[in-house]
Amino acid sequence: MGEKLSQALLAGRLELPTCQRCSNVQYPPSEICRHCLSDALEVTACDPAGKVIACALVHYSLALDFDVNSPWPIASVKMNAGPVVFAHALEFLKRDTAVTLVPIIDSIGDGVFGALANVADRDLLQTRFNRTI
Amino acid sequence: MNNVFAGVVLAAPVSFGYTRYSEHGVPWFAGNALAEMLRLSGLEKSSIDGLAIASFSLSPDTPASLAEYFGLELRLLEALPFGGASGVIAARRAARAVQAGDVEVVACIGADTSKPGTFSQLVANFSTATMDASYPYAAAGPNLPFALLTQSYMDRYGTQREDFGRICVAQRYNANHCDYALLGQKPLDLATYLAARSIVPPLHLFDCVMPCAGADSFLVMREEQALSLNIPYVYINSAFEAFNVFSSDPVQLRSGWSRYGAALYEQADTTPAAIDLIETYDDYPVIVMLQLEGMQLCDEGQAARYVQDHELRFDSEGPAHNTSGGQLSVGQAGAAGGFLGIVEAIRQITRSAGRNQASSAASALVTGFGMINYDRGLCSSAAILSAGRV
Ligand SMILES: [Zn+2]
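Residues numbered from 1 in each chain as written. Chains lettered and ligands numbered in written order. Predicted model: local features only at pLDDT ≥ 70, side-chain atom pairs only at ≥ 80, totals over all residues. Heavy atoms only, no water.

Some points on the domain arrangement of chain A
Residues and elements named next belong to chain A. Formally: Where each domain starts and ends comes from a domain assignment, either automatic or drawn from a database. A contact between two residues is defined here by any heavy atoms of the two lying within 4.5 Å. Once two parts are brought into contact, the accessible area they lose, counted with a 1.4 Å probe and summed over both, makes up the buried area. Salt bridge, as applied in this entry: a Lys or Arg side-chain nitrogen positioned within 4 Å of an Asp or Glu carboxyl oxygen. Counted as a polar contact is a pair of N or O atoms within 3.5 Å, where, for protein atoms, one must be capable of donating a hydrogen and the other of accepting one, and residues adjacent in sequence contribute only when both atoms are in side chains. Counting from the N terminus, the helices are the DSSP runs of H or I reaching at least four residues and the strands are the DSSP runs of E reaching at least two. All amino acids are sorted into three groups, where Ala, Val, Leu, Ile, Met, Phe, Trp, Tyr, Cys and Pro are nonpolar, Asp, Glu, Lys and Arg are charged, and the leftover types, Gly among them, are polar.
Assigned domains of chain A: these are domain 1 (1–46) and domain 2 (47–133). Listed by partner, the interface residues are 11 residues for domain 1 and 16 residues for domain 2. Counting each side, the surface lost to burial between domain 1 and domain 2 is near 1100 Å², with a carbon and sulfur contribution of 74%. Counting the surface domain 1 buries against domain 2, the share from its top three residues, Leu9, Leu14 and Tyr27, is 46%. Linking domain 1 to domain 2 there are zero salt bridges. Applying the counting rule to domain 1 against domain 2 returns one residue pair in polar contact (both at pLDDT 80 or more). Ranked by residues supplied to the side of domain 1 that touches domain 2, first place goes to helix H1 (residues 2–10) with four residues. Counted by class, the side of domain 1 that touches domain 2 contains eight nonpolar, two polar and one charged residues.

Let's talk about the pattern of salt bridges
So the rule is basically this: When a residue's accessible area, from a 1.4 Å probe over protein chains only, is under 20% of the maximum for its type it is buried; when over 50% it is exposed; and in between it is partly exposed.
Using the criterion set out here, one finds 13 salt bridges over all chains in the structure. Its salt-bridge partner being B:Asp155, residue A:Arg95 comes within 3.9 Å of it at the nearest N-O pair. On the criterion of chain membership, the pair formed by A:Arg95 in the loop between strand S5 (84–88) and strand S6 (98–105) and B:Asp155 in helix H6 (residues 143–157) is interchain, its members lying in two chains. Looking at A:Arg95, the relative accessible area reads 47%, which means it is partly exposed. Across the salt bridge formed by B:Arg93 and B:Glu78, the nearest N and O atoms sit 2.9 Å from each other. Here B:Glu78 lies in strand S3 (residues 76–79) and B:Arg93 lies in helix H3 (residues 86–99), a separation of 15 residues in the sequence. Taking the relative accessible area as the measure of exposure, B:Arg93 reaches 23% and is therefore partly exposed. Salt bridges linked by common partners bring B:Glu78, B:Arg92, B:Arg93 and B:Glu241 together as one network.

Some details on the coordination of the zinc ion
Residue and element names in this part refer to chain A. Counted only if it meets this: Donor selection uses N, O and S atoms within 2.8 Å of the metal (3.2 Å for Na, K and Ca). Since no water is included, sites may look incomplete. By the criteria applied here, four donors are tetrahedral when all angles lie between 85 and 135 degrees, four are square planar and six octahedral when opposite donors are over 155 degrees apart and every other angle lies between 65 and 115, and any other arrangement is irregular.
The zinc ion binds to the protein through Cys19 (SG), Cys22 (SG), Cys33 (SG) and Cys36 (SG); the donor distances cover 2.3 Å. Considering all four donor atoms around the zinc ion, angles at the metal cover 104 to 116° and the coordination shape is tetrahedral. Cys22 gets classed as partly exposed once you look at its relative accessible area, which sits at 26%.

Considerations on the domain arrangement of chain B
Residues and elements named next belong to chain B. Segmentation of chain B into domains returns domain 1 (8–117 + 212–232) and domain 2 (140–209 + 234–387). The partner domain 2 presents 37 residues to the 42 residues of domain 1 that form the contact. By the criterion of area lost to domain 2, the three top residues of domain 1 are Leu10, Tyr18 and Val88, representing 22% of everything that side buries. The interface formed by domain 1 and domain 2 includes two salt bridges. Measuring nitrogen to oxygen at the nearest pair gives 3.0 Å for the salt bridge that ties Arg92 to Glu241.

As for the environment of A:Glu15
All names here are of chain A. Note that Glu15 resides in strand S1 (residues 15–19). Here Glu15 falls in the buried class, since its relative accessible area comes to 11%. Between the C-alpha atoms of Glu15 and Leu101, which are 86 residues apart in sequence, the distance is 9.9 Å. Once residues within four sequence positions are removed from consideration, Glu15 is found in contact with Leu5, Ala8, Val43, Thr44 and Ala45. A polar contact of 3.0 Å, which involves the side chain of Glu15, links it to the side chain of Arg13.

Re the interface of chain B and chain A
Facing the 28 residues of chain B at the interface are 28 residues of chain A. For the pair chain B and chain A, the summed buried area comes to about 2400 Å², and 68% of that belongs to carbon and sulfur atoms. For the chain B face of the interface with chain A, the top three residues by lost area are B:Tyr137, B:Leu148 and B:Tyr374, together amounting to 27%. Inspection of the region where chain B meets chain A yields one salt bridge.

Looking at the packing of H3(B) against helix H14 (residues 337–349) of chain B
The relative placement of two packed helices comes down to the angle between their axes together with the axis-to-axis distance. Test applied: For helices, the fitted axis covers only the stretch in contact; all axes are lines through C-alpha atoms, and the angles between them, taken along N-to-C directions, range from 0 to 180 degrees.
Remark: H3(B) packs on H14(B), axes separated minimally by 6 Å, with the N-to-C direction vectors making an angle of 60°. Together, B:Ser86, B:Gly87, B:Val88, B:Ala90 and B:Ala91 of H3(B) and B:Gly338, B:Phe339 and B:Ile342 of H14(B) make up the contact between the two elements.

Brief notes about the pairing of strand S11 (residues 363–373) of chain B
All names here are of chain B. What counts here: At least two bridges found by DSSP between two strands are what make those strands a pair.
Burial within S11 is extensive, with nine of its 11 residues counted as buried. Pairing of S11 with strand S12 (residues 376–387), which is carried by 10 bridges, proceeds in the antiparallel orientation. Bridge pairing links Ile372 to Gly377 in S12. Taking the residues between adjacent antiparallel strands as the criterion, S11 and S12 are bridged by two residues, where Tyr374 takes a positive phi near 65°.

Some details on the packing of H6(B) against helix H11 (residues 285–294) of chain B
Residues and elements named next belong to chain B. Going by this rule: Each angle is binned into one of four classes, with values under 35 degrees roughly parallel, values over 145 roughly antiparallel, values of 65 to 115 roughly perpendicular, and all other values oblique.
One can describe the packing of H6 onto H11 by two numbers: an axis separation of 10 Å at closest approach and a directional angle of 55°. Looking at the two axes, H6 sits oblique to H11. Every residue of H11 that contacts H6 at Phe146, Leu149, Thr150 and Tyr153 is listed here: Val286, Ile287, Met289, Leu290 and Glu293. Residues belonging to the contact of H6 with H11 are distributed by class as follows: seven nonpolar, one polar and one charged.

A look at the environment of B:Gly17
Residues and elements named next belong to chain B. Looking at the secondary structure, you find Gly17 in strand S1 (residues 8–19). For the pair Gly17 and Ala335, spaced 318 residues apart in the sequence, the C-alpha separation amounts to 14 Å. Sequence-distant contacts of Gly17, defined by excluding residues within four places in its chain, comprise Phe29, Ala213 and Gly214.

See the structure below:
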């Protein structure tokens, strides 16, 4: 399911595993619905809007290509669709900032989430990853 | 005295082999801890018929392979993949098995080794959820979810970095009096804490544990056996383990302690105010605060006030807290970190600690927390211990 989600994000679609029986949106990805235990989950489009729970600037990372001179903002976002997701951000986002989740391709070529206060900044966020792909 | 775990005691506390890096494997650490427990208790190896083991770095070996390595014939073999909650859970399950007559003596051991790079590997492959939903977000390991959690806690309650710092500074003072604490030679004051380099703000250097190697362990047996061995022991008055509590909270600012803490005191027929010694799980100082609040040492959101009003040192007036220095100053030896608190509590209550012996240590609260899966820790535990034969 994680693979399917990543593929949707790579294809530029903001989708999440969703239970076909009870409509619960699942994250982190799983093969079983956390609510009703159905295995009928499909990666489908969902409301990309949410609110920032908290944000942190990562100064220290285990990633080999991490640039310690440019702290990297990551936000936790409570989606209107239900789940909490971690997402890359352009800058430190205050608590309760309204954001839109967007699909991004990270520096190792995986599909990941971005969280933007202004959805027009998507290309700007994407370019931050472009150095090694 | 209540009788939830009547007739069962904990004894022979051992902290073994703490070091930053080691070439030795888990069996070396666990085996040495076991040998030391036999020496302390006077038991023969053949008396051990139960083993409860917590380890992250045992693989590709298993708990069953440890039975073979140590030449033990066992009737109970408990694997405890619960990280920081595992020490209390080991005591609880072992006590039940002894009480039921399934086994005579259970050796409970948390042990892990540490080589350069092993912590990074553990973090990168910790769980499916962390691989899918956490690691791709700047590969910050547990520092990311705990930074987000700490930020949420500060936003909600107005807590300042100084308040977290008080916990870290007091623990370092305790470590300065504890021989096996790896950071025990280094003093720490609040100014140094505040000036430390950023890791994932609000987390800075002294909010984060240093991974290391080591083992922590204790024995569980019937009281009559401990009496006949003529060794010091403690009672386990009450204990709980809980998993995935308050799962719909958007941020984890409480866990099993808030749900089951009141019943824990009730079962032990005691109150928060009557506790002499508190050993919390301190992977990050904010988690210490959640445990203090959940276990009713103070109200929700009031832990900053609590740490301002209490010295938290082994030699302070109020309750002593994390008397060995905790993981923040001893080091985090993987799953042994989940045993550090309960082993130190047994040592303190039986008055076998060293220079860091608390003057009042007749009763102890030990809390555990473990297995950060994506954005929260899934396991919580707590126990109340009291003096048996000291
Ligand atoms: Zn469902």
